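Coordinates in review
Next come the chains, spelled out residue by residue.
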Amino acid sequence: MKSFLSKIRQCALFPFEEGVNVFMLLLLLSISINVPFLYSRGYSYDSYLYFVGGMVSSYLIVFIGSVLSPKLFKWYGICWGVLGFVSITIDVFLTTKMNTANFFGYSEIVLNSNMEEVKEFFNSMIDYSIIIKELIVIFIIAILYYIMNKIEIHLQNIMKYLLLSFVIYGLHTSYYNRAAVLGTIPFKYISLLLVPQPVDLSKHQNCPDISLNHSLPHNLVIIIGESFSKSHSSLYGYPLRTNPCLGKLKKDGQLFVFNNVEAAATRTLESFKFFMSTYDDNSDFEWYEGVTIPEMLNKIGYHTVWISNQEQKGFYGNIISCYASLCGKLVYTDKKRNCFDENVIPIIKNNLINSDSCSCYFVHLMGSHEDFTKRYPQSKSHFREEDSFYLKYHSPKARRSVAAYDNSVLYNDSVVSEIINLFKERQAVVIYFSDHGLDLFESSYDYVGHARPADKESLEFGKRIPFLIYVSDPFAYAYPDVVSKIAKSQNNSFNTSNLIYMIMGIVGCEFTSQKDTNMKSLIR
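The following paragraphs examine the structure supplied in this document. (Residues numbered from 1 in each chain as written. Predicted model: local features only at pLDDT ≥ 70, side-chain atom pairs only at ≥ 80, totals over all residues. Heavy atoms only, no water.)

As a further point, take the packing of aromatic side chains. Within this structure, the stated rule accounts for 21 aromatic pairs. Where tryptophan 287 meets tyrosine 323, the ring centres are 5.9 Å apart and the plane angle is 55°; that geometry is what we call tilted. Here tryptophan 287 is found in the loop between helix 12 (268–275) and helix 13 (293–300), whereas its partner tyrosine 323 is found in helix 14 (residues 319–324), with 36 residues between them in sequence. Looking at tyrosine 323, the relative accessible area reads 0%, which means it is buried. Aromatic pair tyrosine 361 and phenylalanine 423: ring centres 5.5 Å apart, planes at 55°, arrangement tilted. Here the residue tyrosine 361 occupies a position in strand 7 (residues 359–364), and phenylalanine 423 occupies one in the loop between helix 16 (396–421) and strand 8 (428–434), the gap between them amounting to 62 residues. (Phe/Tyr/Trp six-rings, centres within 6.5 Å; stacked < 30°, edge-to-face > 60°. Helix = DSSP H or I, 4+ residues; strand = E, 2+ residues; numbered from the N terminus. Buried < 20%, exposed > 50% of the residue type's maximum accessible area, 1.4 Å probe, protein only.)

Written as structure tokens, this is what we have:
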């Protein structure tokens, strides 16, 4: 019995005796991982929780390693040290550039993206300042660990038991307050296993009965843009002519520009979960259980076609492709030729149906996705660094980035206009909106990219998107009342999470069990 208790004591105190150097390194890494984020947010009770979580996780890692031989434990410690350094590298990037420590959230984004998208994202975000900060943090930790290895650490028994008591208390705290676990090294890697896999939405179709108020329009076109910020559209007062083609359609009275529309989310995957179905922030069901737009349109008699210039799959698949799979036909552009959005034009032409049957075309563009310089042919580069006059206090790199973004918006203007021209002689309504906007040096002089989750001002810019509806002459002749409602609704407030209800209003249908859907629509 005495030998058993002695063994228990030896294992319990191992992190403070033979394994003390590894324990101190892991604790140092755990604290270092969260310091930048806590500094940016302001120290609070979270500081204490993250320290407790770091202490407990460091102890448990070393405690588990106590069963290994000294040689294996050495390699065990090195492995965890490497994982810690990798975690710090990622966290310094997230806290410095994105003002967040949401490792899980960005893991989901990366794993649902393809290699090219990930490469373009990091190429656009990483600069010398990030690399310098990363090297400084790693250098400081390496020096401290080197000093610890040179100094033999011998804790007195009373200190060992105090630390053990704190770990036991920390276990209790972590159980009742899970926030203590979120910043730990093990959780960051375990969270990779928790990233949800794409869902087969066909197994969750549950569209209720739908009643029709009038005959269906022959052609419905839903163009989903990418990363188009309202603040860089000349349709909304931007001083550079980024939308000359669409501006002409507006002047001719066929294009309606909506002034108070915001994106459902500031990232593509989250936005799709909201605007492609009845799911929203107040839903008491999962995103994949909502009634989807393709499902609804299929039910009322539309032939649905999904045409995309974005990749079909990511590392784990792709949430967007889950929705696309509900359409009757899927067509993706050939990326081997080039990646420009004009590639969708011939595909749409080849899929036009010359009859009175009803068709819906979902067109998913690359739009202004980072890297901006890859979103348009260089022969169509119009704006230059000196055109970004309002950024006169910014760096030349920032002005070049904005010029490239404006060029991508100008190119997008020509592509969307060409798509519209394909339907001008047909009975058609074309809806264009962006999945989200970007923060283009608007919340900070040195930041461009997706809205930063912890920055309220940045989030506001990330949700400001253009929303446009084009009506052809044949459509206006057949549905004058609908056009009148569209014209009167241009100043209505709207969130794209309610897109399905707006589309139902335009095509003239509603759920028989839900008669108040008009209140959620943009057109009311």
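Direction vectors running N to C along helix 11 (residues 244–251) and helix 16 enclose 50°, while the axes themselves pass 7 Å from each other. As the angle between them shows, helix 11 and helix 16 are arranged oblique. Contact with helix 11, carried on its side by Pro244, Cys245, Leu246 and Leu249, involves Leu410, Asp413, Ser414, Val416, Ser417 and Ile420 of helix 16 and no other residues of that element. Counted by class, the contact of helix 11 with helix 16 contains seven nonpolar, two polar and one charged residues. (Axes fitted to C-alpha atoms, helices over the stretch in contact; angles between N-to-C directions. Parallel < 35°, antiparallel > 145°, perpendicular 65-115°, else oblique. Contact = heavy atoms within 4.5 Å. Nonpolar A, V, L, I, M, F, W, Y, C, P; charged D, E, K, R; others polar.)

Looking now at the pairing of strand 11 (residues 467–471). The side chains of a regular strand alternate, residue by residue, between the two faces of the sheet. Counting buried positions along strand 11 yields five of five residues, so the element is predominantly enclosed. Of the two faces of strand 11, the one holding Phe467, Ile469 and Val471 and the one holding Leu468 and Tyr470 are both buried throughout. Note that strand 3 (residues 255–258) and strand 11 share four bridges and pair antiparallel. Within the sheet, the bridge partner assigned to phenylalanine 258 lies in strand 11 and is phenylalanine 467. Inspection of the sheet shows strand 8 paired to strand 11 by five bridges, in the antiparallel sense. Within strand 11, the position partnered with valine 429 by the bridge is valine 471. (Pairing = 2+ DSSP bridges.)

Leu220, Leu297, Phe467, Ile469, Met502 and Ile503 are the most contacted members of the largest nonpolar core, which has 63 residues in total. Broken down by element, this core gets its largest block of residues, eight residues, from helix 20 (residues 499–507). With residues near it in sequence (within four places) discarded, isoleucine 469 still touches Gln254, Leu255, Phe256, Phe258, Val429, Val430, Ile431, Ile486, Met502, Ile506 and Ile523. With 48 residues, the next largest nonpolar core counts Leu246, Leu410, Val416 and Leu438 among its residues. (Core = buried A, V, L, I, M, F, W, Y, C linked by side-chain atoms within 4.5 Å.)

A word on the side chain of serine 521. One can find serine 521 in the segment after strand 13 (509–511). A polar side-chain atom of serine 521 sits 3.0 Å from the main-chain amide nitrogen of isoleucine 523. Ignoring sequence-local partners within four residues, the contact set of serine 521 consists of Phe494, Tyr501 and Met502. (Polar contact = N/O pair within 3.5 Å; in protein donor to acceptor, adjacent residues only side chain to side chain.)

All right, on to the sheet that holds strand 7 then. With respect to topology, seven strands assemble into an open sheet ordered 3-11-8-2-7-5-6, the strand pairing being mixed. Pairing within the sheet leaves two strands with one partner each, and these edge strands are strand 3 and strand 6 (329–332). Put simply, the sheet's adjacent strands are angled 15° from each other on average, direction ignored. Strands in contact with helix 19 (residues 480–488) are strand 3 and strand 11; relative to strand 3, the strand with the most contacts, it is inclined by about 35°. Across the sheet, helix 20 lies against strand 2 (219–225), strand 8 and strand 11, angled at about 165° from strand 8, the strand it touches most.

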